[in-house]
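Observations on the model geometry
Listed below are the residues making up each chain.
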Amino acid sequence: MTTKDPAREPPPEVGDEVLDGRTRAIVTDIRGGIVWLRAQGRDEWPADRPERLTVTRTRAERIKAGDGDL
């Protein structure tokens with residue numbers, strides 16, 4: 001079994017879909033090193049622990065799937 005090493009994972013970029021704990025969200029902005037997220041039905045919020053975010057789909061993958069809108 002292979003485990004993910006968060007230190008080796010690239011940081012999320014704007015437009016990426018991520019998991020913040022159990023919440024699926026989209027990275028809407030990165031301002032001053034702070035990653036901002038938005039999820040359906042919620043206002044935008046800063047990620048408390050951006051190093052723990054897991055990228056589930058990149059922006060390019062979302063666009064390819066027809067889900068590229070922020």
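Everything that follows concerns the structure shown earlier in this document.
Presented here is a report on the structure given in the accompanying data block. In this text, all values refer to a predicted model and were calculated from it rather than measured experimentally.

A few points about the packing of aromatic side chains
For the coordinates displayed, the defined rule picks out 0 aromatic pairs. Positioned over the ring face of Trp36 is Arg31, at 4.2 Å from the centre of the ring. Note that Arg42 overlies the ring of Trp45, its terminal NZ or CZ placed 3.8 Å from the centroid.

Some remarks on the pattern of salt bridges
The final tally for this structure, using the stated rule, is 6 salt bridges. With a shortest N-O distance of 3.1 Å, Arg57 and Glu17 are connected by a salt bridge. With Arg57 in strand β5 (residues 54–57) and Glu17 in strand β1 (residues 17–20), this pair connects stretches of sequence that are 40 residues apart. The exposure class assigned to Glu17 is buried, which follows from its relative accessible area of 9%. We note a salt bridge from Arg31 to Asp29, for which the minimum N-O separation is 3.2 Å. The exposure class of Arg31 is partly exposed, given its relative accessible area of 35%. One continuous salt-bridge network, built from bridges that share partners, spans Glu17, Arg24, Arg57 and Asp67.

Analysis parameters
Residues numbered from 1 in each chain as written. Predicted model: local features only at pLDDT ≥ 70, side-chain atom pairs only at ≥ 80, totals over all residues. Heavy atoms only, no water. Phe/Tyr/Trp six-rings, centres within 6.5 Å; stacked < 30°, edge-to-face > 60°. Lys NZ or Arg CZ within 6 Å of the ring centre and 35° of its normal. Salt bridge = Lys/Arg side-chain N within 4 Å of Asp/Glu carboxyl O. Helix = DSSP H or I, 4+ residues; strand = E, 2+ residues; numbered from the N terminus. Buried < 20%, exposed > 50% of the residue type's maximum accessible area, 1.4 Å probe, protein only.

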